[in-house]
Each structure stands twice: as structure tokens, then as C-alpha cells.
Amino acid sequence: MNTSAFDAVVPVVCVALAGLFALLAEAFRGKGEKMPIGGLALIGLLGAGFASVLLWDRNATSFGVVTADNFALFVNLVLVVIGILTVLFSSETIERDGLPVGEYYALLLFAIVGMMLMAQSTDLLLMFLALETMSIAVYVLTGLRRDQANATEAAFKYFLLGAFASSFFLYGIAFIYGATGTTHLERAGAAIAAQSMAASPMLLIAVGLLIVGFAFKVAAVPFHMWSPDAYEGAPTVVTGFMSTGVKAAAVAAFARVFLSALGPLVDDWTPVLWVIAVLTMVVGTVVGVSQTSIKRMLAYSSIAHAGYLLVAIIAANDIGKASLLFYLASYAVTNVAAFGIIALLGSRESANDQLRDYAGLAHSHPALAALFTVFLLSLGGFPPTAGFIAKWYTFSAAVAEGYYGLAIIGMLSSVVSVYFYLRIVVMMYMTERDARPVPPPVSGLAMAGLVVSMVAVVYLGVLPAQVIDWAEQSIATIF
């Protein structure tokens, strides 16, 4: 087998090797050596990003089941950004919180390996293995604070519900194989189209089972119940990683399966996703309004954003497909930075994630308050931020396809969500701080990550055309 046959897996291999080196470095670190494990993680992620750029427009394929088309590479780059920002915020927080450094970085990197393979898989069985690779690492990361009962409880709930959802996904794969004789996405799609199998009960059952599996991973209603507890119990920097990386990988796989292989059945699964999208947007917004824990509030915000992403999948026109990738990019950089601020303001004794903890933050940490405000406004969809452009294109796609009700519900839920984002801003700028201790200053490395995130959020809001063009070119390679 020639060297080019391995090209598509090079980004994945870069991250996997970094994870293995992180484990090896932890062994030396345990003997008293000072090992820059975070630096090893950054090298692996930068290598994966560089490899993804070099593979652009080459449509490389490895082993017949791993593709490096532009769609997968775009998602890879989003995951690389999420990983780098997470490492920058982790450099200050994981040792402070008493987390095992090597184990943490290794799990983080192996989770990203699973995420990348989910986006690059063209076979349902490999996609399932990638999903489990990602999930197991994230389960362990959720419960990494072994001395805290709420972390253990959150990890246990997430594991049980995740295993249950994975079984639905696996049964869906089995039904797809039973109906088409293959688990390869392209061949399955061709078989469905050629045989006009829209009315096949076996295929409809397969679609339903796959929807359950994917909906759980993106935290869509009614499969969202794990999300608030897992987000609250996990270390805050892990919560930011989960809320963005897991969602990006799951949405990418969701789109590849449903818009490509199951495209001929679009009239059958669209009404189901329509209902799920509406419930997800409404429940995520309405329940989020009543939260006083910012981590739980942003958990319900993440649920609502999953609904907006489903709107883009439902629209399935050129605007909707491009907006799906643009939304993933803008949401990822915004949300991971928002959780990064919460992590940096916490301590080993307290996560400092209650709304009241942010009273007067503008006076004690004016730079952090200003950055947090930008990220919150982007999540709420205020111009001129990335969140506004992402929602604008998503709802425009729904309107162009005739889904007026879906677009109206999405816009109304977005307006309501502004309330709980602005509550935090009001608390930071218009409320006096009580006798609670002032959080310590933030390191330069973490602040650099936050500033880069803020620049990206504003850039995507003011000059989005280039990234949208890349998104259109990326998704056109497979749909």
C-alpha cells in the first residue's frame, strides 16, 4: 500500500501520537521530572491543523472508510481550535484543581481523535467506534474530580444514558445493513435511491434509531436530560470542551449520514427533526431562564443552540448547509471561551459559577468582564458578533425553504434567551460585590486565548464572507 493511502488519517494520527506522548510524559513526571505535557498537546493539535490545511481540496481517502474531504477537514480545523483553546485555559486550572495532568491531556486528545474520526467516517461501523472512543474519554473527563460527589454522579449518569443511546445507534446501523446490505454511507444511499425504499418499515425504524443516537449526543430534547448535570459536575474547562467538541463532531456525523446516505428519505425524517428542533429551542430557552448556576444556564443555552443547528440540517439548501458549518465554528469559539472565563474565575474549593459570584466583576476584573460580555452577546445573537451572523444565515435558510414557522420559533426563542445572557452582564456591571473573595488574576497564556477568541468572534461577525465561502466549498464536496 503506497504512502498516499494513509494521507486521510494523518490529522488523526498527529493527535493520537500526542495523546500517547502525554501518557509517556506523565510517567516521567511522576518521577519528579518537569514535563511540558500541555506543550505536547499543542504540538499534536497544531500538527493536525497543519495536515488538514495541506489536505484541502485533495479529497484523500484511507482504507475506503476514512475520508479527508473538505467537509471533514473544516470540522477538523474547528476541533483543533477547540482543543488549542481548551489547552490554553487548562494550563492554569487543572493543577489548581488537583487533576491528574497527564491523564487529563491524554483523555482530551483521545476524545478529539474520536471526534475527528466521526467527521471523517464514511462507514457507520467506523462512525460508531469513533463515537465510543470520544464518549468513553469524555465520560472519564466528566468524573475526573474523584473527590467530589457531584462529579462522580454526573459521570455515572452520563455513562448510563450514553450507553443506552449508543445501543439505539448500533441497532440503527444493524437495520440499515439489513435493508441495504452495507454500512458504507455512499453505497447505502445508492441502494436506497435505486430501490425507491422510502416506504420500507425497516429503513424507517433505522432512521428513528439513528435520530435517537445522534439527538442524545447533540443534547436535543427529549434526549437532553444528561446535559445540565454533566455540565455542572464536570470540571469547568471540561464542560467548555464537551459543549463544543462533542456537539461539533455529532452534528458533523449527523449531517453526513442524513443529508448524504439518508437523503432519499428526507420527506420521512424531516417532520421528526422539525418537532425535535422546536422542542429543543423552546425547552433550552425557557428552562435556561430560571437557572441561577451559570454552568447550568449555559448548559440549557447549549441545548437551545442544538435546536438552531437542527434548523440548518432541516433546511438542507445551499444556505442551510453552509450555515451549519459556520454556526459550528462561531459557536465553538464563543462557548469554549465563555466557559474558559468561568473556569479561570473558579477555585479548587468552589467553581464560582453562581450568578451572584459575578457581581461587580467589572470592577475587580474589567478585562475579563468585557471579554465575557462579548461572548455572551454572541451567544445571544447580537450584532456585530459571530452569533448574529450564524443565526441570520440559519433562519434565512429556513425561510428560503419555506419553513416559516420554524424560523419564527427560532427567532422568538433567541430573543427570550437574551434575558439570561444579559442577566450576567447586569450582574457584572450594575451590582455591587459583596464580601466574597476576589478571584485571582489570570495568567498571560489564558488571557491570550481569550483575546484571540474575542477577535475571532468579532471578525466572524464583521467579515464573515471568507469563512462562509469556505463552508460552502466544504459542504459541497459531499452533498
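Figured I'd write up the structure that's included with this text. Since we're looking at a predicted model, the values are computed, not measured.

With that out of the way, let us pick up the side chain of Ser302. Position of Ser302 among the secondary structure elements: in helix H12 (residues 294–315). On the accessibility criterion, Ser302 (0% relative accessible area) is buried. Setting aside anything within four residues of it in sequence, one finds Ser302 in contact with Tyr231, Ser243, Lys247 and Tyr331.

Under the criterion given, the structure shown has 7 salt bridges. With a shortest N-O distance of 2.7 Å, Glu103 and Arg146 are connected by a salt bridge. Highlighted residues: Glu103 in helix H4 (residues 101–120) and Arg146 in the loop between helix H5 (124–142) and helix H6 (149–180), separated in sequence by 43 residues. Where Arg296 meets Asp229, a salt bridge forms, and the shortest distance between an N and an O atom there is 3.1 Å. Within this pair, whereas Arg296 is found in helix H12, its partner Asp229 is found in helix H9 (residues 226–233), the two being separated by 67 residues in sequence.

What follows deals with a nonpolar patch on the surface. Together, Val13, Leu17, Leu20, Phe21, Leu23, Leu24, Phe28 and Met35 make up an exposed nonpolar region whose accessible area comes to about 700 Å². Tracing the sequence through the fold places Leu23 in helix H1 (residues 10–29).

So, on to helix H13 (residues 318–345). Taking 1.5 Å per residue, 28 residues should reach 40 Å; H13 reaches 41 Å between its end C-alpha atoms and fits that length. A large share of H13 lies buried, amounting to 26 of its 28 residues.

Moving on: unusual backbone geometry. In this structure, the amide linkage connecting Val221 to the following residue, Pro222, adopts the cis form with an omega of 5 degrees. Residue position: Pro222 is located in the loop between helix H8 (201–217) and H9. Although it is not a glycine, Asp57 sits at a positive phi angle of roughly 70 degrees. Looking at the secondary structure, you find Asp57 in the loop between helix H2 (37–54) and strand S1 (60–62).

The next subject is the packing of aromatic side chains. Enumeration over the complete set of coordinates arrives at 21 aromatic pairs. With a centroid separation of 5.3 Å and an interplanar angle of 75 degrees, the aromatic rings of Tyr104 and Tyr105 are classed as edge-to-face. Residue Tyr105 is classed as buried on the basis of its relative accessible area of 3%. When the centroid spacing of 6.1 Å and the interplanar angle of 75 degrees are considered together, the rings of Trp226 and Tyr231 count as edge-to-face. The residues Trp226 and Tyr231 share a single accessibility class, namely buried. Put simply, the rings of Tyr139, Tyr158, Phe159, Phe216, Trp226, Tyr231 and Phe339 touch in pairs and so form one group of aromatic residues.

The geometry of a pair of packed helices is captured by two quantities: the angle between their axes and the separation between those axes. Where helix H10 (residues 236–261) meets H13, the closest approach of the two axes is 7 Å, and the angle between their N-to-C directions is 170 degrees. Comparing the axis directions of H10 and H13 gives the class roughly antiparallel. Seen from H10, the contacting residues are Thr236, Val237, Thr239, Gly240, Ser243, Thr244, Lys247, Ala248, Val251, Ala255 and Leu259; seen from H13, they are Lys321, Leu324, Leu328, Tyr331, Ala332, Asn335, Val336, Phe339, Ile342 and Ala343. Looking at the contact of H10 with H13, its residues break down into 13 nonpolar, 6 polar and 2 charged.

Quick look at the environment of Gly461 now. Inspection of the secondary structure puts Gly461 in helix H18 (residues 444–462). Considering only alpha carbons, one finds Gly461 and Phe388, 73 residues apart in sequence, at a separation of 6.9 Å. Those residues in contact with Gly461 that lie beyond four places of it in its chain are Pro384, Thr385, Ala386 and Ile389.

Another point: the nonpolar core. Counting 175 residues, the largest nonpolar core has Tyr105, Phe258, Leu262 and Trp269 as the members making the most contacts within it. In terms of residue count, the dominant contributor to this core is H13 (19 residues). Not counting the four nearest positions on each side in its chain, Tyr105 is found in contact with Ala22, Ile37, Gly38, Ala41, Val87, Ser90, Ser91 and Ile94.

Thresholds applied
- Residues numbered from 1 in each chain as written.
- Predicted model: local features only at pLDDT ≥ 70, side-chain atom pairs only at ≥ 80, totals over all residues.
- Heavy atoms only, no water.
- Helix = DSSP H or I, 4+ residues; strand = E, 2+ residues; numbered from the N terminus.
- Buried < 20%, exposed > 50% of the residue type's maximum accessible area, 1.4 Å probe, protein only.
- Contact = heavy atoms within 4.5 Å.
- Salt bridge = Lys/Arg side-chain N within 4 Å of Asp/Glu carboxyl O.
- Patch = residues over 30% accessible without salt bridge, like charges linked within 9 Å, V, L, I, M, F, W, Y side chains within 5 Å.
- Areas by Shrake-Rupley, 256 points an atom, 1.4 Å probe, with all protein chains shown as cover.
- Expected span 1.5 Å × (residues − 1).
- Phe/Tyr/Trp six-rings, centres within 6.5 Å; stacked < 30°, edge-to-face > 60°.
- Axes fitted to C-alpha atoms, helices over the stretch in contact; angles between N-to-C directions.
- Parallel < 35°, antiparallel > 145°, perpendicular 65-115°, else oblique.
- Nonpolar A, V, L, I, M, F, W, Y, C, P; charged D, E, K, R; others polar.
- Core = buried A, V, L, I, M, F, W, Y, C linked by side-chain atoms within 4.5 Å.

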